[in-house]
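# Descriptive structure summary
So you can see what is in the structure, the chains are spelled out below.
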Amino acid sequence: MAIDNVVWDPAILADTPVGSGLAAMLEDIDIRQCSGHDRVLVLQAHQRMRSHYAAQSYHAMTAVVDAIDPEDMAEDFVEQAGAAEIAAALRLTRHAAGLEVRLAMELQRRLPSVWAALCDGVIDVRTARAFVDGTLHLSIATAREVVAQVADDAKRLTTGQLRAKLRKLCIQADPLAAKERYQHAVTQRRMVVEPTLDGVAEVHLLDVPPDRAHAMARRINNIALGMKRAG
């Protein structure tokens, strides 16, 4: 395809760093004039730019928090005050703004390598959030060690696969802490019943030991299969 009488090679997109150059290139592309394969390359380039701009947005959020005068304020209160300003500016709920601010600060202060990957468009926000959530319970040093072990694979993994890897690595990094978290979580086990928009209800069992959960699932399935066979 040609843009302004210049032959355009789709491979250029993958080799162009995120920033104004790639943004200008994408602005000039009529995706409807691209082949099916090239449309995928354009989509991937847009995703990289989306991650880059998201990182800039998170950088702005931390800047808003940092601009608040911390005198006579606890650190948590400064963050909450910043989240309140961001909630008003972006028309978010206080809760949603708080989650976004927390993600922004965790990325930039605890996991700089993940932050850099988001800035460069190597990973997306969902992946960045998986890194933060998966290592939040670890010390900064241990969290960075765990991240380093899976960082190269992150761009090829789904968030589900990444979270599973992180869980395993976190247990290996600090098995005693992992055991304590498990024991505490089990004490919080509970059942929740929630209505749905269809007028039915969903039953959730939370913080149940995995072996017990699988046993219950098999038991329920066997009862259901027996009822089905009986008509």
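Remember, predicted model here, so these are calculated numbers, not experimental data. (Residues numbered from 1 in each chain as written. Predicted model: local features only at pLDDT ≥ 70, side-chain atom pairs only at ≥ 80, totals over all residues. Heavy atoms only, no water.)

## What about the pairing of strand E3 (residues 190-195)?
The condition that has to hold: Only protein chains enter the area calculation, which uses a 1.4 Å probe; residues under 20% of their type maximum are buried, those over 50% are exposed, and those in between are partly exposed. Here a strand is any run of E in DSSP of at least two residues, a helix any run of H or I of at least four, and the numbering for each starts at the N terminus. Pairs of strands are assigned from DSSP output, requiring at least two bridges between the strands.
Counting buried residues along E3, only 0 of its 6 residues qualify, which leaves the element largely exposed. Sheet topology note: the E3/strand E4 (residues 201-206) ladder contains 6 bridges and is antiparallel. Within E4, the position partnered with Arg190 by the bridge is Leu206. With antiparallel pairing between neighbouring strands as the criterion, E3 and E4 make up a hairpin whose turn holds 5 residues, including Gly199 at a positive phi of roughly 85°.

## Structural notes on the nonpolar core
The line we're drawing: Residues belong to one nonpolar core when they are buried, are Ala, Val, Leu, Ile, Met, Phe, Trp, Tyr or Cys, and are joined through side-chain atoms within 4.5 Å. Only heavy atoms enter the contact rule, under which two residues are in contact if any of them lie within 4.5 Å.
Residues Tyr58, Leu107, Leu111, Val114, Leu118, Ile123 and Phe131 are the most contacted members of the largest nonpolar core, which totals 36 residues. Going through the elements one at a time, helix H3 (36-66), helix H4 (75-90), helix H5 (94-109), helix H6 (112-119), helix H7 (125-135), helix H8 (140-150) and helix H9 (159-173) are the ones with two or more residues in this core. For this core, the element with the most residues is H5, which contributes 6 residues. Dropping the residues within four chain positions of it, Phe131 is found in contact with Leu111, Val114, Val147, Val150, Ala151, Ala154, Leu162 and Leu166. One finds Leu13, Val18, Met25 and Met49 within the second-largest nonpolar core, a separate group that totals 11 residues.

## Brief notes about a nonpolar patch on the surface
Here is the rule: The patch calculation keeps residues exceeding 30% relative accessible area without a salt bridge and links them within 9 Å when they carry like charges or within 5 Å when they are nonpolar (Val, Leu, Ile, Met, Phe, Trp, Tyr). Only the protein chains shown count as cover for residues, and the accessible areas themselves come from Shrake-Rupley with a 1.4 Å probe. Salt bridge criterion: a side-chain nitrogen from Lys or Arg within 4 Å of a carboxyl oxygen from Asp or Glu.
On the surface, Met191, Val193, Val203, Leu205 and Met216 cluster together into a nonpolar patch covering about 470 Å² of accessible area. Relative to the assigned elements, Met216 resides in helix H11 (residues 210-229). You can call Met216 partly exposed: its relative accessible area is 31%.

## Topic: unusual backbone geometry
Phi is positive for Arg91, close to 55°, though the residue is something other than glycine. Using a relative accessible area of 76% as the deciding quantity, one classes Arg91 as exposed. Even without glycine at this site, Asp207 takes up a positive phi of about 60°. Within the secondary structure, Asp207 sits in the loop between E4 and H11. The partly exposed category is assigned to Asp207, whose relative accessible area is 34%.

## Some remarks on the pattern of salt bridges
Following the criterion strictly, the structure yields 9 salt bridges and no others. In this structure, the salt-bridge partner of Arg109 is Asp66, at a minimum N-O distance of 2.8 Å. Separated by 43 residues along the polypeptide, Arg109 in helix H5 and Asp66 in helix H3 bring together distant segments of the chain. Look at Arg109 and you get partly exposed, because its relative accessible area is 40%. Across the pair Glu100 and Arg129 runs a salt bridge, and its minimum N-O distance is 2.9 Å. Here the residue Glu100 occupies a position in helix H5, and Arg129 occupies one in helix H7, the gap between them amounting to 29 residues. One connected set of salt bridges, linked through shared partners, spans Glu79, Arg102, Glu106 and Arg110.

## A few points about the environment of Asp124
Selection criterion: Any N or O atom pair separated by 3.5 Å or less is treated as a polar contact, with the protein-specific requirement of one donor-capable and one acceptor-capable atom, and with residues adjacent in sequence counted only for side-chain atom pairs.
Take Asp124: it is sitting in the loop between H6 and H7. Leaving out residues up to four positions away in the same chain, Asp124 has contacts with Gln47, Ser51 and Leu118. A polar side-chain atom of Asp124 sits 2.9 Å from the main-chain amide nitrogen of Thr127.

## Structural notes on the confidence of the model for the chain
Which entries qualify depends on this criterion: For every residue, the predictor states its confidence as a pLDDT score lying anywhere from 0 to 100.
Overall, the predicted model of the chain reaches an average pLDDT of 90, with 95% of residues at or above 70. Confidence over residues 1-7 falls short of pLDDT 50; this stretch has 12 contacts with residues more than four positions distant or in other chains.

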